[in-house]
Amino acid sequence: CSDPHDPTNISLLELHLTGIPGLQHLHLWMSIPFCILYLLTLAGNSTLLCLIKADPSLHLPMFLFLSMLAVTDLLMSTSIIPKMLGILWFHSTAISLDACLTQMYFVHAFCVMESGLLVAMAFDRYVAICNPLRYLSILTSPIMAAIGLSALLRAVVFMSPLTFQIRRLPLCSPAVVDHSYCEHMAVLKLACGDAAFSNTYTLSVATYVVSFDSLLIAISYAFVLRAVLSLSSPQARKKAFSTCGSHLCIMALFYIPGLLSMYMERYHQELPPHIQVLLADLYLLIPPAFNPLIYGIRTKQIRDGARRVI
């Protein structure tokens, strides 16, 4: 697969991303919501970080977790959307192999880290509602640092083998990745060698992270809802249900499309490629844009902090 006289064989030091396969004629129109979501991500998460830093009353575990989530969302979005917009606006499809692998590593690592932080935030809500008097004694600064570091280390440990494995695989031309970013399963289709380990490892890690983290989140919110149902005030119950419902909706938008796109990429080749790609884009674009709204602006302490800062 390395014959230099083969006209379809481009040096695999460079790959080409197709954007949204089959919908290239709509790229310009599709770039509009993508760009708006990215601007919302930048504005919302940056504003949230500035507010939490500026107001000492927000230097609590809940808002420190929210700061970690905001930083992760900013980095995850910035690792893919500028290149994605370059493809949609300027047909700038070329990307070096090293840049592609770097993007792949950071995108998937930040996804795993975000999942870990969502678990941490669900645990934070459990402690705050079910053990309010011990809240600050349980979530101390060393515990917060340990939780953040463990989320980061888990992402590094899970994602490093994927990148090293695909770096060692021979890749064949045509060097075209039918995706809008360097998604692991899409890049793996270029492999000439045996990619069974990478396929199995990718699906196993994705299934484990989503299943295990979703289970922990569900358990935390089950305890929260049980505590909420014991409240005597209907208004307090309604507010708590609204908050929990919003959190669970944004989590569903993060977990379900990502897992569906990965399994469809692997097992349902007959589905239109643009459906798979749009699902993969959905779980990377929507949660970072809406997390500041769901977790931040709807929180009374954040609104009060904003008024004090202003």
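About the thresholds
- Residues numbered from 1 in each chain as written.
- Predicted model: local features only at pLDDT ≥ 70, side-chain atom pairs only at ≥ 80, totals over all residues.
- Heavy atoms only, no water.
- UniProt positions renumbered as here; feature names shortened; annotations may be inferred.
- Phe/Tyr/Trp six-rings, centres within 6.5 Å; stacked < 30°, edge-to-face > 60°.
- Helix = DSSP H or I, 4+ residues; strand = E, 2+ residues; numbered from the N terminus.
- Buried < 20%, exposed > 50% of the residue type's maximum accessible area, 1.4 Å probe, protein only.
- Contact = heavy atoms within 4.5 Å.
- Patch = residues over 30% accessible without salt bridge, like charges linked within 9 Å, V, L, I, M, F, W, Y side chains within 5 Å.
- Areas by Shrake-Rupley, 256 points an atom, 1.4 Å probe, with all protein chains shown as cover.
- Salt bridge = Lys/Arg side-chain N within 4 Å of Asp/Glu carboxyl O.
- 1 Å grid on protein atoms, 1.4 Å probe; cavity = no way out; pocket = protein on both sides within 12 Å on 5 of 7 lines; lining within 4 Å.
- Points joined across faces, edges and corners; volume = space filled by probe spheres on them.
- Nonpolar A, V, L, I, M, F, W, Y, C, P; charged D, E, K, R; others polar.

The name given to the protein in an unreviewed UniProt entry is Olfactory receptor, and the organism recorded there is Bucorvus abyssinicus. Under the heading Sequence similarities (unreviewed entry), UniProt records this for the protein: "Belongs to the G-protein coupled receptor 1 family." You can read under Function (unreviewed entry) in the UniProt record for the protein the words "Odorant receptor."

(A) Local environment of the packing of aromatic side chains. Summed over the entire model, instances satisfying the criterion amount to eight aromatic pairs. Taken together, a centroid distance of 5.8 Å and an interplanar angle of 25° make the contact between phenylalanine 106 and phenylalanine 110 stacked. Here the residue phenylalanine 106 and the residue phenylalanine 110 both occupy positions in helix α3 (residues 97-130), the gap between them amounting to four residues, near one helical turn. A relative accessible area of 14% places phenylalanine 110 in the buried class. Members of the aromatic cluster, joined through ring pairs, are Tyr105, Phe106 and Phe110.

(B) The arrangement of the environment of leucine 248 in detail. Relative to the helices and strands, leucine 248 is located in helix α8 (residues 234-267). Sequence spacing of leucine 248 and leucine 23 is 225 residues, and the spatial spacing of their C-alpha atoms is 32 Å. Other than its neighbours up to four places away in sequence, leucine 248 contacts Ile217 and Tyr221.

(C) Spatial organisation of a nonpolar patch on the surface. There is a patch of nonpolar side chains on the surface, built from Tyr208, Phe212, Leu215, Leu216, Ile219 and Phe223 and spanning about 510 Å² of accessible area. Residue placement: tyrosine 208 occurs in helix α7 (residues 196-229).

(D) Quick look at the UniProt feature "transmembrane region" (unreviewed entry) in the protein. In the numbering used here, UniProt assigns the feature "transmembrane region" (unreviewed entry) to residues 28-51, 63-85, 105-123, 135-157, 205-228, 240-263 and 275-297. When the span residues 105-123 is considered, its composition is 100% helix and 0% strand, and the gap between its end C-alpha atoms is 27 Å. End C-alpha atoms of residues 135-157 are separated by 30 Å, and the span's content is 91% helix alongside 0% strand.

(E) Spatial organisation of the environment of valine 127. Examined against the element boundaries, valine 127 turns out to sit in helix α3. When its relative accessible area of 1% is taken as the criterion, valine 127 is described as buried. Between the C-alpha atom of valine 127 and that of isoleucine 310, which follows or precedes it by 183 residues, the distance is 31 Å. With near-sequence residues (within four places) excluded, valine 127 lies in contact with Pro132, Tyr135 and Ile138.

(F) Quick peek at the pattern of salt bridges. Across all of its chains, the model carries five salt bridges by this definition. Linking aspartate 55 and arginine 308 is a salt bridge whose minimum nitrogen-to-oxygen distance equals 2.8 Å. You can see aspartate 55 sitting in the loop between α1 (27-54) and α2 (61-90) and its partner arginine 308 sitting in helix α10 (residues 300-309), a full 253 residues away along the chain. The exposure class of aspartate 55 is buried, given its relative accessible area of 6%. The closest approach of N and O atoms between aspartate 98 and arginine 167, which form a salt bridge, is 3.2 Å. Note that aspartate 98 is positioned in helix α3 and arginine 167 in helix α5 (residues 141-168), a separation of 69 residues in sequence. With a relative accessible area of 42%, arginine 167 lands in the partly exposed category.

(G) Up close: the layout of surface pockets. By volume, the second largest pocket is sized at about 200 Å³. At the level of secondary structure, the elements contributing two or more residues to the lining of the second largest pocket comprise α3, α5 and α7. Looking at the lining of the second largest pocket residue by residue, the class counts come to six nonpolar, three polar and two charged.

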